[in-house]
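These are the residues of each chain, in order.
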Amino acid sequence: MTATAPRAAPLPGRLPSGREVVESISTPARRPERHKARRVVGRVLVIASLSLVTLLFVYPFVWLLSASFKPRSQIFDNRLVPETFTLQNYVTVWQEAPVALWLVNTLVVTALAAVSVTVSSALVAWGFAYFRFRGRGVLFGLVLATMMLPGAVTMIPTYLIWDAVGLVNTQVPLWAGGLFGSAFYVFLLRQFFLGLPREVFEAARMDGANNWTIFWRMALPMCKPAIVLTLLFEVQAAWTNLIGPLIYLRDEALYTIPLGLKILLDRFVGSGNFQWEIVVTASVITTLPMVLLFFLGQRYFVDGVQTGGSPR
Amino acid sequence: MSAVGAERPPSTPADLRALGPRLLRRGGGADRPPLRPGQRRARRRAVLAALAFMSPWIIGFLVFTAWPIGYSLYLSLTDYDVINAPTFVGLDNYVRLVNDPDVRLALGNTVVFTLLQVPTYVVLAFALALLLDKAGRSTGFFRTAFFLPRMTPPVAVGVLVLLLLNGQNGLLNVALGWFGIDGPNWTTDSFWIKPGLVLMSLWTVGGSVLIMLAALRNVPSELLDAAKVDGAGFWRRTWHVTTPLVSGPLFFLVVVNTIGALQTFTEAYTAYFGSTGGYGNDAALFYAIYLFQQAFQFFNMGYASALAWLLFLVVLAITAVQLVVSRKLVYYEGDR
């Protein structure tokens, strides 16, 4: 049954790739030589400026990475290849702070957040996409409306809820909210679900499949790209979250990497006792996993943004 | 999961407006034939199943949205320090808020930052998307490179602000030096802090570039070709043909970025405010930071709730103004 699954369910309202458009523009249809020359020059200029911009975008990474291998005195020398190559900064960071523990904490929180928010949002999205009943439009409008509410309004009562159940200074508040789905992902996944062929599910129903089987064994596997996209978005959001840990965590042993980095910054730079190499190296440790993830999930990320996934 | 800085991108009225008709049309049709009893039972079962699937969201909505909205409104009328029970103080918090010079400072900072950030960000996104579009098909490498900074955690971006914009040996001033420009002290000079933060935020423009690129690729080439035949050059075609056709997505970016900029937190907090205190800078005291401090450093939960509602009103008002203005400026296909 899943063999019929479309590889990437087309989103309703999804923009066409535009490939034909581009071809029809750039295919030269017998033009005078002068125009051709201008075209080539124009293209070279475009590629050159894109390369320049790319350099600007990538340079800070490379700078950070290379600085993390320099001794303190050379951090600001702006050389790309360290004059003196050292791994000492990583050793120092490891000794100064429980970075390994923070990494594990972040991994656990991120994994729990990503899995719970994806599964629950998919459930809700399926509820909206598959079943037809009166009031569905209004209810979905409510889902969308919650996306517009600034987080600041609900932040304090949410904190008080977790405080009341004794879960402040634990990592639970950092991921448990995900169990209840997230409007943004519900919206995203619903779009994908709506693109699936209904007849397939009706046929399965005739063959005796129940709602759960249809959702779990059929719809979900058919939407694998959207599921992966949701996971990736949430992994990124959870991994980089600062304000959550800042609000909920007190014990250094519970910290996640962004909060740990912030604390190191306070300790080694904010205090006036400048040890930039520690902060630089910790930044690299915070960033690298995300960059790796990006290269692994690149296809989903870039496509996801273009199909109206994340505007940021 | 809630956060002051819009960690998860919100959708916007513009987005909804564009999608509205399609979303709503899919609801149950009004003109159904009358039901047989068996059908009615099946339908009731379908509704129950749907509610079962939606139950996580329904519970979450009640516990983490509906109740917090009500409670936050109530708290804004009280004095509450978390330890002692809230005491009702009426509108005191709102009176205090109007007279609080720090609120004025934080709000002013935030508005100035937003006014600087949003136009630069959107124009840059548009320009880079045009460039990518011009480059034709093989843009995979560039798209990836542009998106890469988005994967840098905002805390690390805050660190980069301090490192690269640092007045003495920061990379930016070194680069400006090559052109004989004596760069300002981006991280300590009150006047230059906001431009500096804007500059760093431009680094993460990649996501918006991809959205604009998708919009540009959707522009029908016949229109551009027709304009070309009529003798319109690249700039005229871009201004008179392309821009109106992508004004919807462009407006979407303006609204989303405005909402995001008004709630700026992480980068500025990382760079300029410490748990140890000491290196705060008034010029970087943004509204969300002030709110956070009131709530979670001084535990003035009542006052902070009032602050949250003011922020909500400001966001709402600005979005509403943008919507009204957009009605004149934005062209929606199939909206005639």
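Treat the numbers as computed from the prediction; the structure is a model and nothing was measured.

A. Structural context of the overall build of chain B. Tallying secondary structure elements over chain B gives 15 helices and 2 strands in all. Counting over 336 residues, chain B shows a buried share of 54%. Partitioning the intrachain contacts of chain B with sequence separation of at least 6 by distance along the chain shows that 69% fall at a separation of at least 24. Surface accessibility of chain B: about 15,200 Å² in total, with carbon and sulfur atoms responsible for 64%.

B. Region of interest: the interface of chain A and chain B. Each side of the interface is counted separately: chain A has 117 residues, and chain B has 118 residues. Summing both partners gives a buried area of about 10,700 Å² for chain A against chain B, and 75% of it is carried by carbon and sulfur. In this structure, the connection of chain A to chain B is made through 8 residue pairs in polar contact (both at pLDDT 80 or more). Broken down by element, the residue count for the side of chain A that touches chain B peaks at 17 residues, all from helix H2 (residues 33-67) of chain A. Its residues assigned to classes, the side of chain A that touches chain B shows 73 nonpolar, 30 polar and 14 charged.

C. Quick peek at the side chain of arginine 237 of chain B. Residues and elements named next belong to chain B. Looking at the secondary structure, you find arginine 237 in helix H11 (residues 234-245). Of the side chains with opposite charge, aspartate 225 lies nearest to the buried arginine 237, which makes no salt bridge, at 6.4 Å. A distance of 3.2 Å separates the side chain of arginine 237 from the backbone oxygen of alanine 232, its partner in a polar contact. Beyond its immediate chain neighbours, meaning those up to four positions away, arginine 237 contacts Leu224, Ala227, Lys228, Ala232 and Thr242.

D. Representation of the packing of aromatic side chains. All names here are of chain B. A full pass over the atoms with the stated rule returns 48 aromatic pairs over all chains. An angle of 65 degrees between the planes, with centres 5.4 Å apart, marks the rings of phenylalanine 141 and phenylalanine 142 as edge-to-face. Overall, the relative accessible area of 58% leaves phenylalanine 141 in the exposed class. Residue placement shows arginine 96 over the ring face of tyrosine 303; its charged tip is 3.7 Å from the ring centre.

E. How the structure looks around a positive patch on the surface. All names here are of chain B. Residues Arg40, Arg41, Arg44 and Arg45 make up a contiguous surface patch of positive charge. By the secondary structure assignment, arginine 41 is in helix H2 (residues 37-75). For arginine 41, a relative accessible area of 52% translates into the label exposed.

F. Fine view of the confidence of the model for chain B. Residues and elements named next belong to chain B. Summarising the model, chain B shows a mean pLDDT of 85, and 87% of its residues fall at 70 or more. Contacts of residues 1-30 to residues separated by more than four positions or lying in other chains number 79 contacts, the stretch itself having pLDDT below 50. Both scores are available for the predicted complex, with the pTM at 0.84 and the ipTM at 0.81.

G. Representation of helix H10 (residues 211-222) of chain A in the model. Residues and elements named next belong to chain A. The first and last C-alpha atoms of H10 sit 15 Å apart over 12 residues, in line with the 16 Å expected at 1.5 Å per residue. Buried within H10 we find Ile214, Phe215, Met218, Ala219, Leu220 and Met222. The distance from a side-chain oxygen at the start of H10 to the backbone nitrogen of tryptophan 212 is 3.2 Å, and the residue carrying that oxygen is asparagine 210.

H. Summary view of the packing of helix H6 (residues 151-164) of chain A against helix H15 (residues 301-329) of chain B. Two elements in contact, H6 of chain A and H15 of chain B, have axes separated by 8 Å at closest approach and are oriented at 155 degrees. With respect to H15 of chain B, the element H6 of chain A is oriented roughly antiparallel. Of the residues in H15 of chain B, those touching H6 of chain A at Ala152, Val153, Ile156 and Tyr159 of chain A are Met301, Ala304, Ser305, Ala308, Trp309, Leu311 and Phe312 of chain B. Its residues assigned to classes, the contact of H6 of chain A with H15 of chain B shows 10 nonpolar, 1 polar and no charged.

I. Here's a closer look at the environment of valine 138 of chain A. Structurally, valine 138 of chain A is set in helix H5 (residues 136-148). Considered as a pair, valine 138 of chain A and alanine 253 of chain A are 115 residues apart in the sequence and their alpha carbons are 45 Å apart.

J. Layout of the nonpolar core. Formed by 208 residues in total, the largest nonpolar core has its most connected members in Trp63, Trp126, Phe193 and Phe201 of chain A together with Phe265 of chain B. Element by element, the count of residues in this core is highest for helix H4 (residues 99-130) of chain A, at 15 residues.

K. Expanded view of the packing of helix H4 (residues 101-134) of chain B against helix H12 (residues 247-262) of chain B. Residue and element names in this part refer to chain B. Here H4 crosses H12 at 145 degrees, and the two axes come no closer than 9 Å. Read as a crossing pair, H4 and H12 show a hand that is right-handed. Side by side, H4 and H12 meet where Thr110, Phe113, Thr114, Gln117, Val118, Tyr121, Val122, Ala125 and Phe126 of the first sit next to Leu250, Leu253, Val254, Asn257, Thr258, Ala261 and Leu262 of the second. Looking at the contact of H4 with H12, its residues break down into 11 nonpolar, 5 polar and no charged.

L. Region of the structure containing the pattern of salt bridges. All names here are of chain A. In the structure shown here, the tally under the stated rule is 7 salt bridges over all chains. Between arginine 72 and glutamate 277 there is a salt bridge; the shortest N-O distance is 3.0 Å. Pair noted here: arginine 72 is in the loop between H2 and helix H3 (88-96) and glutamate 277 is in helix H14 (residues 276-306), with a separation of 205 residues, a long-range link. Residue arginine 72 is classed as partly exposed on the basis of its relative accessible area of 45%. Across the pair lysine 262 and aspartate 266 runs a salt bridge, and its minimum N-O distance is 3.0 Å. Placement of the pair is lysine 262 and aspartate 266 together in helix H13 (residues 257-270), with a separation of 4 residues, close to one helical turn.

Analysis parameters
- Residues numbered from 1 in each chain as written.
- Chains lettered and ligands numbered in written order.
- Predicted model: local features only at pLDDT ≥ 70, side-chain atom pairs only at ≥ 80, totals over all residues.
- Heavy atoms only, no water.
- Helix = DSSP H or I, 4+ residues; strand = E, 2+ residues; numbered from the N terminus.
- Buried < 20%, exposed > 50% of the residue type's maximum accessible area, 1.4 Å probe, protein only.
- Contact = heavy atoms within 4.5 Å.
- Areas by Shrake-Rupley, 256 points an atom, 1.4 Å probe, with all protein chains shown as cover.
- Buried area = accessible area lost by both parts, 1.4 Å probe.
- Polar contact = N/O pair within 3.5 Å; in protein donor to acceptor, adjacent residues only side chain to side chain.
- Nonpolar A, V, L, I, M, F, W, Y, C, P; charged D, E, K, R; others polar.
- Lys, Arg positive; Asp, Glu negative; His and termini not counted.
- Salt bridge = Lys/Arg side-chain N within 4 Å of Asp/Glu carboxyl O.
- Phe/Tyr/Trp six-rings, centres within 6.5 Å; stacked < 30°, edge-to-face > 60°.
- Lys NZ or Arg CZ within 6 Å of the ring centre and 35° of its normal.
- Patch = residues over 30% accessible without salt bridge, like charges linked within 9 Å, V, L, I, M, F, W, Y side chains within 5 Å.
- Charge placed at Lys NZ, Arg CZ, Asp CG, Glu CD.
- pLDDT = per-residue confidence, 0-100.
- Expected span 1.5 Å × (residues − 1).
- Axes fitted to C-alpha atoms, helices over the stretch in contact; angles between N-to-C directions.
- Parallel < 35°, antiparallel > 145°, perpendicular 65-115°, else oblique.
- Core = buried A, V, L, I, M, F, W, Y, C linked by side-chain atoms within 4.5 Å.
- Left-handed = near helix turned anticlockwise from the far one by under 90°.

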